[in-house]
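Residues per chain are reported as follows:
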Amino acid sequence: MTGGALLTEARAALAVYRDRRFAVVFALGVASGLPTSLVFATLSIWLREEGLSRTTIGLFGAVATPYAINFLWAPVLDHARLPLLRGLGRRRSWIVAAQLLLCLAIAAMALADPAERPLALAAAALAVAFLSATQDVAIDAYRVEILESETYGAGAAMAVLGWHLGAFASGAGALYLADAFSWQAAYLAAAGAIALLVAVPLLAAEPAAGAAAPPARRIGAWLGHAVAAPFAEFFRRLGRIAVAVIAFIVFYKFGEAMLGRMAGVFYVDLAFTKVEIANYAKTFGLAGTLTGVVLGGVLCARVRVVTALFAGGIAMASTNLLFAWLAWTGKDQGLLAAAVFLDSLTGGLATIAFVAFLSGLCNRDFTATQYALLASIGNFARIQLGAVSGWAVDRMDGDWAAFFVLTAIAALPGLALLLVVARRAPPPPGQSGEASSP
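What counts and how
By convention here, each chain's residues receive numbers from 1 onward along its written sequence. With pLDDT at 70 or above as the cut-off, local features in this predicted model cover only qualifying residues; side-chain atom pairs require 80 or more to be listed or tallied, and sums for whole chains, interfaces and linings still use all residues. Water and hydrogen atoms were dropped before computing side-chain values, which therefore reflect all heavy atoms in the structure. Any Lys or Arg side-chain nitrogen located within 4 Å of an Asp or Glu carboxyl oxygen qualifies as a salt bridge. A run of DSSP states H or I qualifies as a helix once it reaches four residues; a run of E qualifies as a strand once it reaches two. Both are numbered from the N-terminal end. Under the scheme applied here, a residue whose accessible area is under 20% of the maximum for its type counts as buried, over 50% as exposed, and between as partly exposed, the area being computed with a 1.4 Å probe on protein chains only. The axes are straight lines fitted to the C-alpha atoms, using for helices just the contacting stretch, and the angles between their N-to-C directions are given from 0 to 180°. The cut-offs work like this: below 35 degrees is roughly parallel, past 145 is roughly antiparallel, 65 to 115 is roughly perpendicular, and the gaps in between are oblique. In this scheme, a crossing is called left-handed if the near helix is turned counterclockwise away from the far one by less than a right angle; it is called right-handed if the turn is clockwise. Any two residues having at least one pair of non-hydrogen atoms within 4.5 Å are treated as being in contact. Classification convention: Asp, Glu, Lys, Arg as charged; Ala, Val, Leu, Ile, Met, Phe, Trp, Tyr, Cys, Pro as nonpolar; all other residues, Gly among them, as polar. Per-residue confidence from the predictor is given as pLDDT, running between 0 and 100. Nine residue types can take part in a nonpolar core, namely buried Ala, Val, Leu, Ile, Met, Phe, Trp, Tyr and Cys, and a core is a set of them joined through side-chain atoms within 4.5 Å. Note on ring pairs: Phe, Tyr and Trp rings are taken, using the six-membered ring of Trp, and paired if centres are within 6.5 Å. Classes follow the plane angle, with under 30 degrees stacked, over 60 edge-to-face and the rest tilted. To estimate how far a helix should reach, multiply one less than its number of residues by 1.5 Å. This arc is built from the directions going out from the helix axis to the C-beta atoms.

A. Region of the structure containing the pattern of salt bridges. Considering all chains together, one arrives at 9 salt bridges under this definition. Here Asp 269 ties to Arg 48 by a salt bridge, and the two come within 2.8 Å at their closest N and O atoms. Remark: Arg 48 occurs in helix 3 (residues 41-49) and Asp 269 occurs in helix 14 (residues 254-269); sequence separation between them is 221 residues. We classify Asp 269 as partly exposed; its relative accessible area is 31%. Asp 140 is the salt-bridge partner of Arg 143, the closest N and O atoms lying 3.1 Å from each other. With a gap of 3 residues between them, Arg 143 and Asp 140 both fall in helix 8 (residues 118-146), about one helical turn apart. Residues joined by salt bridges that share partners form a network here, namely Arg 48, Arg 54, Asp 269 and Asp 394.

This is the structure in structure tokens:
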């Protein structure tokens, strides 16, 4: 293919992004990603600076549980209408309602002193996680309904880019503001940013599919159709190996969950300033994640998904050891940048392989439901298992090097389970009766 032909194809591929709907999808992606760091890494750094113990900070991570179980109340967003915002339509009304309440919940976090009112802060953080997870459900549904099937890939790319930029803003951006002013100012600024983003759904068009809600079903009937039937089919098809598959989903990224929960605390303990954390940990982390996502897509296209999973798992465990090296060395900005970039890269690569693996486990008759439920099992497990990370560091008397070696070792059970699953798990049936293997 000539250079001119390649240029023509590239222009044709990019032409789709001229549609203003993709600008809306991008902005909604920013709104989706912005609250995330406020209840994860940014919150951990704030709590550590306020003198809370590592065990307490680890337990604080459990407030993120709504992100892992939002499929449970997703049917409400499909069937229920909001009377006060009825004029916006079904999808936009839920997005606007979630964002307005998010502003209040984030402001409540800003006004809750971690040292004097930790329970109030935890309650506000839980509210932020719940409302953010609810917003995600509405935004995902909006994106699917506003686009045609042939533009889903382009829409997903814009949504992911927006999400990462939003998370970067509430990560690095919040740290810059906290250093220049205060943590309260940083969280109030985040609430203000969400308030500005309310303009996006207000000015956007309501998708045609969102004009009328589908007929409501009884909750028991919904549970039977949406949860029981897909899971029954999954266990019937996989048989005894189903337990090993679920165990693999739970433990594959266990070490990464432990490291991620305590990374911000580690930076503070190593005397990195908020600006240094923003400059190195957040910026290089974003670059590493985006690089890993691209490499993961290329790797999965060239080798079997299970091979990519092994490569990603081993790479994640190996890069965890860079943090042990940083703990032994002491404060070193260059080593921090390298460790964060490579750890984020391997995490992004492994995530792409993991998503591909979960997709390959699904029966095409239940793809959306089975994928959502399996992914939720992994998310829920990582949030809950990661909560022990602070306790583990405290039990080691603050020996960060030993802790990071432990996070590398924690990857081994997942890799062992992958060996079992790769040999024995049957492929899902195709729509035409043909099998396709993950």
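B. Just the packing of helix 14 against helix 16 (residues 305-329), in detail. Look at helix 14 against helix 16: their axes get within 11 Å of each other, and the N-to-C directions meet at 25 degrees. The angle between helix 14 and helix 16 falls in the class roughly parallel. Handedness of the crossing formed by helix 14 with helix 16: left-handed. Every residue of helix 16 that contacts helix 14 at Gly 255, Glu 256, Leu 259, Phe 266 and Tyr 267 is listed here: Met 316, Asn 320, Phe 323, Leu 326 and Ala 327. Its residues assigned to classes, the contact of helix 14 with helix 16 shows 7 nonpolar, 2 polar and 1 charged.

C. Broad picture of the confidence of the model for the protein chain. Overall, the prediction assigns the protein chain a mean pLDDT of 83, with 84% of residues at 70 or greater. Per-element confidence in the protein chain ranges from a low mean pLDDT of 52 for helix 1 (residues 3-15) to a high of 96 for helix 10 (residues 183-197). Per-residue pLDDT stays below 50 along residues 210-214; that stretch engages in 14 contacts with residues further than four places along the chain or on separate chains. Residue range residues 428-437 is modelled with pLDDT below 50. Its contacts to residues more than four positions away, or to other chains, number 22 contacts.

D. Main features of the nonpolar core. Leu 43, Ile 106, Met 109, Tyr 187 and Tyr 267 are the most contacted members of the largest nonpolar core, which totals 93 residues. Looking at this core, the element that brings in the most residues is helix 8, giving 13 residues. When sequence neighbours within four positions are dropped, the list of residues in contact with Leu 43 reads Ser 37, Leu 38, Phe 60, Met 109, Leu 121, Ala 125 and Tyr 187. The next biggest cluster of nonpolar side chains, apart from the first, holds 30 residues, and it includes Ile 246, Phe 248, Leu 361 and Leu 374.

E. How the structure looks around the packing of aromatic side chains. A complete count under the given rule lists 18 aromatic pairs for this structure. Their ring planes at 75 degrees and their centres at 5.3 Å tell us that Phe 248 and Phe 357 sit as a pair that is edge-to-face. With Phe 248 in helix 13 (residues 241-251) and Phe 357 in helix 17 (residues 333-361), this residue pair connects regions lying 109 residues apart in the sequence. Here Phe 248 and Phe 357 have matching classes, each one buried. Taken together, a centroid distance of 6.2 Å and an interplanar angle of 5 degrees make the contact between Tyr 280 and Phe 284 stacked. Of this pair, Tyr 280 and Phe 284 both sit in helix 15 (residues 274-302), 4 residues apart, which is roughly one turn of that helix. One aromatic cluster is present, formed by Phe 266, Tyr 267, Phe 323, Trp 400, Phe 403 and Phe 404 through successive ring pairs.

F. Expanded view of the environment of Leu 418. Here Leu 418 lies in helix 21 (residues 412-424). Looking at Leu 418, the relative accessible area reads 0%, which means it is buried. Separated by 170 residues in the primary sequence, Leu 418 and Phe 248 have C-alpha atoms spaced 6.3 Å apart.

G. Seen up close, the environment of Lys 253. Relative to the helices and strands, Lys 253 resides in the loop between helix 13 and helix 14. Residue classification places Lys 253 among the buried positions, given a relative accessible area of 14%. Along the backbone, Lys 253 and Ala 350 are 97 residues apart, and their C-alpha atoms lie at a distance of 8.8 Å. Not counting residues within four places of it along the chain, the set of residues in contact with Lys 253 comprises Met 316, Gly 347, Thr 351 and Arg 382.

H. View of helix 13. The buried count for helix 13 comes to 8 of 11 residues, which makes it a mostly enclosed element. Buried within helix 13 we find Ile 241, Ala 242, Ala 244, Val 245, Ile 246, Phe 248, Ile 249 and Val 250.

I. Region of interest: the packing of helix 2 (residues 20-33) against helix 8. Axis separation between helix 2 and helix 8 bottoms out at 10 Å; the angle between their running directions is 165 degrees. Between helix 2 and helix 8, the interaxial angle falls into the category roughly antiparallel. Note that helix 2 runs across helix 8; the crossing there is left-handed. Along its contact with helix 2, which presents Arg 21, Val 24, Val 25, Leu 28, Ala 31 and Ser 32, the element helix 8 presents Ser 132, Gln 135, Asp 136, Ile 139, Tyr 142, Arg 143 and Ile 146. Of the residues that constitute the contact of helix 2 with helix 8, the class distribution is 7 nonpolar, 3 polar and 3 charged.

J. Main features of helix 10. Helix length check: helix 10 (15 residues) gives 21 Å between terminal C-alpha atoms against 21 Å at 1.5 Å per residue, within 8%. What helix 10 keeps buried is the set Trp 183, Ala 186, Tyr 187, Ala 190, Ala 191, Ile 194 and Leu 197. When helix 10 is viewed along its axis, its buried side chains cluster within an angular range of 140 degrees and face the same direction.

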